[in-house]
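A closer look at the structure
Here is what each chain is made of, one letter per residue.
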Amino acid sequence: MLITEEEVPQDIFLGDLNGAQYQAVTASAQRLLVLAGAGSGKTRVLVQRIAYLLTQCGVLPHQLLAVTFTNKAASEMRHRIEKIVGNSSARLWVGTFHGLSHRILRTNAARANLPENFQIIDADDQLRLIKRLIQERGWDDEVCDPKRAMGFINRHKDEGKRANALGISSVPEVAMFTELYRLYEQHCQRTAVVDFAEILLRAYELWRDCPDVLTQYQQRFKHILVDEFQDTNTIQYAWLKLLCGTESNMMIVGDDDQSIYGWRGAKIENIHRFHKDFTDVVTIRLEQNYRSTSTILAAANALISNNASRLGKELWTQGIQGEKLTLYGAFNEIDEARFIVERIRQWCHGGGSFEDIAILYRSNAQSRVLEQALRQANIAYRVYGGLRFFDRAEIKDVLAYLRLLVNLNDDTAFERVINLPPRGVGERTLASIREIAKEKQISLWVAAKSYLPTIPLGRISNGLRQFFECVEDMLTQVNMLALSELMQYVLQKSGLFIYVKTQPGERTQARIENLHELVQAAGQFSNSHDEMYEQTSTHSSETLPSFLSEVALDAGDRDTEDGVCIKLMTLHSAKGLEFPLVFLTGMEDGLFPHHRCFHDRALLEEERRLCYVGLTRAMRKLYLTYAEKRAFAGLSGANRPSRFIDEIPTPLTESVNLNAKMPLPTSPAKRRTSPDALEDDFPFQLGQRVKHQRFGEGVILSGDGAGETARVQVNFAKEGKKWLVLAYAKLEPVEQ
Ligand code: ATP
Ligand code: MG
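A few points on the structure. Model, not experiment: these values are computed from the prediction.

1. Details of the site of ligand 1
Inspection of the region around ligand 1 gives 18 residues, with Lys42, Thr43, Gln258, Glu578 and Arg617 positioned closest. One of the side-chain N or O atoms of Gln258 is found 2.8 Å from an oxygen atom in ligand 1. Notes on ligand 1: free accessible area 640 Å², of which the protein chains cover 86%. If one sorts the elements of the shell around ligand 1 by residue count, helix H2 (residues 42-56) sits on top with three residues. A class-by-class count of the residues in the shell around ligand 1 yields three nonpolar, nine polar and six charged. Shared between two domains, the shell around ligand 1 holds at least three residues of each, these being domain 1 (2-108 + 201-288) and domain 3 (325-380 + 564-655).

Below you can see the structure in the form of structure tokens.
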């Protein structure tokens, strides 16, 4: 039975809801599937339902579990719930699969067969460890590719498969990877570290193998709500299914058209499985989009209709038609960035704010040129999900010392700092230590200790001894100092601070600032930790382990107080978000869709879904930009616009192609003898000789823009071709 708009009770505290949304919010069904397109209010419905359960149905906060995809989405969700129900949301569990699983493992470490001080290793550490194991096993990197091996291990974990469940393969590479997987598992267990995939798998196994622990959680969580369900993978689905059992209520919301993590094992089919695994599933579809103009929505609908495998739905909106999508074919990536800056200015002149704006791209590496242009233009920005603060080398070095303080057997941390700052412990010494560790199945720390008395006195033994003394001294401080004090102590005692300070290079200052920032982050963490547990933490032994876990799970997407700024992020990290003004950049065939997807229909469809996610982030205005030439990841090639642009009906778009207005002269000879005309108000002509204070003399090749943004491309005799903005370049004509 469908509820019409008029029938939705108006006095409800929940705010505006349409009929279908109201049904979803208030449904009494035990299993609920909300299947709906972008911007139709899925997340809103999920949040309102939580509020409804808390305020109208007598459900207590601790009985609710909400799972979302990113830390940012989780904090936003908590924020929205707090707005509706106030502080009573504190005991409610909202988080990502990783965050929640980690919490469960910490509480039940022993039952999950983990020591209490277990630590999380990130992808970078995981790869280092795999490389080391390959080396120890005596395999060649070329034969046993570390990255492929890591993919193999993670894929199997995501599928819930342990090494010993894989059997013996007749394919040499598979057999090799399987053995490595086994060695890797043993090593991680011995040194008490878990990787990201392990967190999920271990939590799942804990529930599977300890029914009493499972029952405890099942009894607690009466309502489970999952956002972005289309991107759950096998192990996450199994996790949910176990937890839900037969008694709990579960609501899942998702959109098959926005499934974009197939490459990481996400399964759209989980939507079908939900129907199969649970009886009496009530499905509610939401089809009205509240986010975008009808033009943006029509473009997105047209694009996604090119995908064959869809559950099928068409979104509509009552919203305004709005402006057409603007296409800009830039000369190169620098020109693309320049155009974006110009349009950002325009938006702000028109009364808009930086906060409204997002620049999206397919690949992280694209951000560099954009960042440079924004910095030059003095526009505040923040990059989401790029190189995380905690991934920076200097930060990871300090964290490695801290990890050792929590767990001396953490080999990855040991390897990172044994000779940092340099103290004469070289690769050969380390190899001997590794050999002992491998033979006796002990950690590097213990191995190094037993190795020390066997080597002659000298630089190496001094270095090793100094390292032990230093770490042992720090250990005594853990119980005395607060977290930020400990951080400072480690920086001084280890010699890292002086080391970073005295390293030559342009990044020195930035690295020092990062170290200060880390001390500050530690202070903030202690404060919020104290608030959460209503106590004053006197020393780091309580806070350090949770600080390190939080750091490892931080995906660089946390909300910080950054003031008003533009957001830069990959399309993947834009999922679920919305912005009045969106620039979708790098819309070139080969970059987006990525050339590796050209000949694989399934991959190409996933790229198209990613593009659909991008288009549907925009509320009022959308720009699509591409560069005819792009120097990218060392390649410089000529590109054609993305095929996804062709899939958007032309009447919905308008093109701005500044270059096209100024055809390049056909030959240098022609340029010199008969200069072509530029726009009327250009002070120069094509082919004219000009002089620049720094670059010397050159010839004008082309130009574009007008007024303040007018620029010319000049071929300088010494410096080659350069684009210059006329207003700043101070070019002078050279008499010929
Ligand atoms: P996505 O698929 O991108 O995650 P979604 O389906 O989760 O999108 P929401 O983010 O919940 O959509 O909602 C999109 C926008 O529409 C939000 O700004 C939300 O506040 C607004 N919205 C949703 N429902 C209504 C409504 N009934 N009346 C007014 N605005 C609404
Ligand atoms: Mg959403």
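2. A closer look at the nonpolar core
In this structure, Leu402, Phe467 and Phe547 are the most contacted members of the largest nonpolar core, which totals 53 residues. It is helix H15 (residues 393-406) that contributes the most residues to this core, nine residues altogether. Each residue touching Leu402, except ones within four places of it in the same chain, is listed here: Leu486, Met487, Val490, Leu544 and Leu548. Core analysis: the next-biggest nonpolar cluster, separate from the first, contains 44 residues, Ile104, Phe118, Val194 and Leu214 among them.

3. Observations regarding unusual backbone geometry
Cis peptide bonds are those with omega within 30 degrees of zero, and the linkage from Leu420 to Pro421 qualifies with -5 degrees. Within the secondary structure layout, Pro421 lies in the loop between helix H16 (411-417) and helix H17 (427-440). Following Phe592, the chain continues to Pro593 via a peptide bond in cis, the omega torsion being 5 degrees. You can see Pro593 is positioned in the loop between strand S13 (579-584) and helix H24 (601-615). The backbone of Gln441 sits at a positive phi, close to 55 degrees, despite the residue not being glycine. Examined against the element boundaries, Gln441 turns out to sit in the loop between H17 and helix H18 (444-451).

Quick notes on the rules
- Residues numbered from 1 in each chain as written.
- Chains lettered and ligands numbered in written order.
- Predicted model: local features only at pLDDT ≥ 70, side-chain atom pairs only at ≥ 80, totals over all residues.
- Heavy atoms only, no water.
- Near = heavy atom within 4 Å.
- Polar contact = N/O pair within 3.5 Å; in protein donor to acceptor, adjacent residues only side chain to side chain.
- Areas by Shrake-Rupley, 256 points an atom, 1.4 Å probe, with all protein chains shown as cover.
- Helix = DSSP H or I, 4+ residues; strand = E, 2+ residues; numbered from the N terminus.
- Nonpolar A, V, L, I, M, F, W, Y, C, P; charged D, E, K, R; others polar.
- Domains from an automatic or database assignment.
- Core = buried A, V, L, I, M, F, W, Y, C linked by side-chain atoms within 4.5 Å.
- Buried < 20%, exposed > 50% of the residue type's maximum accessible area, 1.4 Å probe, protein only.
- Contact = heavy atoms within 4.5 Å.

Take it as geometry only, folks, not as evidence of what the structure does.
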